[in-house]
Amino acid sequence: MTLTAAINWSMLTIVTVLEWVDGLYEEQIYQGSDRIVSPRFPELHLTAAQILSAGR
C-alpha cells in the first residue's frame, strides 16, 4: 500500500510518499525539483513542485 500526503506550511512545502513494508510505513520526503519516486506508480514523472502547484 502506498499513501501520498502534501503538507504546505508557510516555510515548509513537501510531498511525503509512504510505503507499507513488513507491517510498517517507510517514508520518502520530496521538495522543490525532487522527482517523486513511487513504488506503486513507477511511470510517474512529476516533481514535488509540480504536484504542490497543481490547481493553482
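Up top you'll find the structure we're talking about.
Residues numbered from 1 in each chain as written. Predicted model: local features only at pLDDT ≥ 70, side-chain atom pairs only at ≥ 80, totals over all residues. Heavy atoms only, no water.

Asker: Give me the lowdown on the overall build of the chain, citing residues and values where you can.
Answerer: For the chain, the count of helices and strands is one helix and three strands. Beginning at the N terminus, the succession of helices and strands in the chain can be written as β-β-β-α. By residue count, 18% of the 56 residues in the chain fall in the buried class. Partitioning the contacts of the chain with sequence separation of at least 6, the portion at a separation of at least 24 is 14%. Here the chain displays about 4,300 Å² of accessible surface, and carbon together with sulfur accounts for 57% of that area. (Helix = DSSP H or I, 4+ residues; strand = E, 2+ residues; numbered from the N terminus. Buried < 20%, exposed > 50% of the residue type's maximum accessible area, 1.4 Å probe, protein only. Contact = heavy atoms within 4.5 Å. Areas by Shrake-Rupley, 256 points an atom, 1.4 Å probe, with all protein chains shown as cover.)

Asker: So what about the side chain of Ser-38? Which residues, and what values?
Answerer: Mapping Ser-38 onto the fold places it in the loop between strand S3 (24–30) and helix H1 (48–53). With a relative accessible area of 7%, Ser-38 lands in the buried category.

Asker: Outline the nonpolar core, supporting the account with residue identities and numerical values.
Answerer: By size, the foremost hydrophobic cluster in this structure holds six residues: Val-15, Val-17, Tyr-30, Ile-36, Ala-48 and Leu-52. Among the elements of the structure, strand S2 (12–21) and H1 are those that each provide at least two residues to this core. (Core = buried A, V, L, I, M, F, W, Y, C linked by side-chain atoms within 4.5 Å.)

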